[in-house]
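Listed here are the chains, written in short residue letters.
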Amino acid sequence: MDSYRDAVTYNLGLLNFISDIIYHDSTDSTNTIASGLAHAGAKEWTVVVADSQNNGRGRQGRVWHSPPNTNIYASFIVKPDISYEYFPAMSLLAGMVVALLIEQFTGMPTEIKWPNDVLIHDKKISGILLELGNDVDNRAYVVVGIGINVNADATVYPDTIALLSTSLMLLTGKVFDRAEMIGCLYSLFYKWYSLYISRPGFNSIREQFMQRFKMMGKQVAIVNGAETVSGVVKDIDNYGRLVIKDSDDNIVIVKSGDVHLVRTAV
Ligand code: BTN
């Protein structure tokens, strides 16, 4: 295959549920493009893939470093016909699907950090940004943006990111076919998404997610902007929210934020 564009088009063309494939060598953010298209009424399963992004966006307003020729940056649109309250847990579904994909390609076990970071050896290998909205016909849509650090070597990241992140190549010493991975990512997502739509709620993916979630019973601090909630992780509810017991034994339900393990003195 000559180019990443051709390979992406070929691999996604094999999947009959995909309605449109939009490819850019370089763009600001595949999520921004997909959200604009979704709002304008683009079909479900429109996919936007880029080789690089110059304004890659992460959770909590962070930047997603997106160099060319190395990693996966892909977003797609779905318009689930389910109650709106079950939309946010799709971010956990996406994290679980990426974990399954990475395990399939590397043979290495992964960990999921709520809500959807996939880690290997405590370092982040992928990030997911879910954006919700309504299109011109007032139909609710979800843009699922996925970034996976595939073939990046240590030099492409600024030091601060390199401390916390790794790539599949750095972990295994192998170079991976990004376009083939995107094809597998979407077939896996389609399978789990179809199950989720037929039985909305975190419980439909609970078993697979929990096998990779290592924070149950741990003391954590969840930071959301200026707000921090601390306590012990008790559960994830059917809406994908973290259930925490604080130091006064109150149950606190957390919708979003960054989870940090708190090391307790022994
Ligand atoms: C995170 O903060 O962990 C989420 C990062 C999400 C990055 C992906 S890359 C493809 C898509 N386009 C974006 O601008 N962001 C998402």
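Everything discussed here concerns the structure shown above.
For every chain, the first residue of the written sequence is number 1, and numbering continues from 1 onward in sequence order. Whole-chain, interface and lining totals are the exception, using all residues; otherwise, since this is a predicted model, local features are given only for residues with pLDDT of at least 70 and side-chain atom pairs are given and counted only at 80 or more. Computation of side-chain values covers all heavy atoms of the structure but excludes hydrogens and water.

Trainee: It is not clear to me how the packing of aromatic side chains should be interpreted in this structure. Could you clarify?
Mentor: What characterises a pair of aromatic rings is the spacing of the ring centres plus the angle enclosed by the ring planes. Note on aromatic pairs: the rings of Phe, Tyr and Trp (six-membered ring only in Trp) are paired at centre separations within 6.5 Å, and the planes decide the class, stacked below 30 degrees, edge-to-face beyond 60, tilted for the rest. One pass over the full model with this rule turns up 15 aromatic pairs. With a centroid separation of 4.9 Å and an interplanar angle of 80°, the aromatic rings of Phe76 and Tyr186 are classed as edge-to-face. Residue Phe76 is located in strand E3 (residues 72-78), and its partner Tyr186 is located in helix H6 (residues 178-198); the two are separated by 110 residues in the primary sequence. One exposure class covers both Phe76 and Tyr186, and it is buried. Secondary structure elements follow DSSP: runs of H or I of four or more residues count as helices, runs of E of two or more count as strands, with numbering from the N terminus. Each residue gets one of three labels from its accessible area relative to the maximum for its type: buried under 20%, exposed over 50%, partly exposed in between, using a 1.4 Å probe on protein chains only.

Trainee: Hey, could you run me through the site of the ligand in this one?
Mentor: One heavy atom suffices: a residue is near a molecule or strand as soon as one of its heavy atoms comes within 4 Å of it. Taken together, 20 residues lie near the ligand, and Ser29, Gln53, Arg57, Arg59 and Lys124 sit nearest. Two N or O atoms form a polar contact when they lie within 3.5 Å of each other; inside protein one atom must be a possible hydrogen donor and the other a possible acceptor, and for residues adjacent in sequence the pair counts only when both atoms belong to side chains. Between the ligand and Gln53 there is a distance of 2.9 Å, counted from a nitrogen atom to a side-chain nitrogen or oxygen. The contact in question runs from an oxygen atom of the ligand to an N or O atom on the backbone of Arg57, over 2.7 Å. Methods summary: accessible areas were calculated by the Shrake-Rupley approach with a probe of 1.4 Å, and residue burial reflects only the protein chains presented. Surface burial for the ligand is 99%, taken as the share of its 420 Å² of free accessible area covered by protein chains. Think of a 1 Å grid over the protein atoms and nothing else: a 1.4 Å probe that fits but is trapped marks a cavity, an open set flanked by protein within 12 Å on at least five of seven lines marks a pocket, and residues with an atom within 4 Å of a point count as lining. Assignment to a cavity or pocket requires that more than half of a molecule's atoms be within 2 Å of the site's grid points. Judged by the fraction of its atoms near the pocket grid, the ligand is located in the largest pocket. Going through the elements one at a time, helix H2 (30-39), E3, strand E6 (123-134) and strand E7 (140-148) are the ones with two or more residues in the shell around the ligand. By residue class, the composition of the shell around the ligand is six nonpolar, 10 polar and four charged. All amino acids are sorted into three groups, where Ala, Val, Leu, Ile, Met, Phe, Trp, Tyr, Cys and Pro are nonpolar, Asp, Glu, Lys and Arg are charged, and the leftover types, Gly among them, are polar.

Trainee: Help me understand the environment of Asp235, please; the structure alone is not making it clear to me.
Mentor: Relative to the elements of secondary structure, Asp235 occurs in strand E9 (residues 227-236). Taking the C-alpha atoms as reference points, Asp235 and Lys245, 10 residues apart in sequence, are found 9.5 Å from one another. What makes two residues a contact is simply this: any of their non-hydrogen atoms within 4.5 Å. Setting aside residues no more than four positions away along its own chain, Asp235 makes contact with Arg206, Met210, Met216, Arg241, Leu242 and Val243. Side-chain polar atoms of Asp235 contact the side chain of Arg206, separated by 3.1 Å.

Trainee: Sorry if this is basic, but what is going on with the side chain of Arg178 here?
Mentor: When you line up the elements, Arg178 lands in helix H6. Setting aside residues up to four positions removed in sequence, Arg178 forms contacts with Tyr4, Asp51, Asn69, Thr70, Asn71, Ile72, Val150 and Asn151.

Trainee: Quick question: what am I supposed to make of unusual backbone geometry here?
Mentor: A negative phi holds for most residues other than glycine; trans holds for most peptide bonds. Geometrically, the link from Trp114 to Pro115 is a cis peptide bond, its omega value of 5° lying close to zero. For Pro115, the location among the structural elements is in the loop between strand E4 (111-113) and strand E5 (117-120). Positive phi, normally seen in glycine, also occurs at Gln60, with a value near 55°. Position of Gln60 relative to the elements: it lies in the loop between strand E2 (46-53) and E3. Residue class for Gln60 comes out partly exposed when judged on its relative accessible area of 35%. For Asp122, which is not a glycine, the phi torsion comes out positive at approximately 70°. Among the structural elements, Asp122 can be located in the loop between E5 and E6.

Trainee: Would you mind going over the nonpolar core with me for this structure?
Mentor: Side chains of nonpolar character tend, in soluble globular proteins, to be buried together. What we call a nonpolar core is a set of buried Ala, Val, Leu, Ile, Met, Phe, Trp, Tyr and Cys residues that are connected through their side-chain atoms within 4.5 Å. Tyr186 and Leu242 are the most contacted members of the largest nonpolar core, which has 71 residues in total. Among the elements that line this core, the one with the most residues is helix H3 (residues 90-106), at 12 residues.

Trainee: Can you walk me through the environment of Asn151 in this structure?
Mentor: By secondary structure assignment, the location of Asn151 is in the loop between E7 and helix H4 (159-164). Taking the relative accessible area as the measure of exposure, Asn151 reaches 12% and is therefore buried. For the pair Asn151 and Ser165, spaced 14 residues apart in sequence, the C-alpha to C-alpha distance is 13 Å. When near neighbours in sequence (up to four residues on either side) are disregarded, Asn151 contacts Thr70, Asn71, Ser167, Met169, Lys174, Val175, Phe176 and Arg178.

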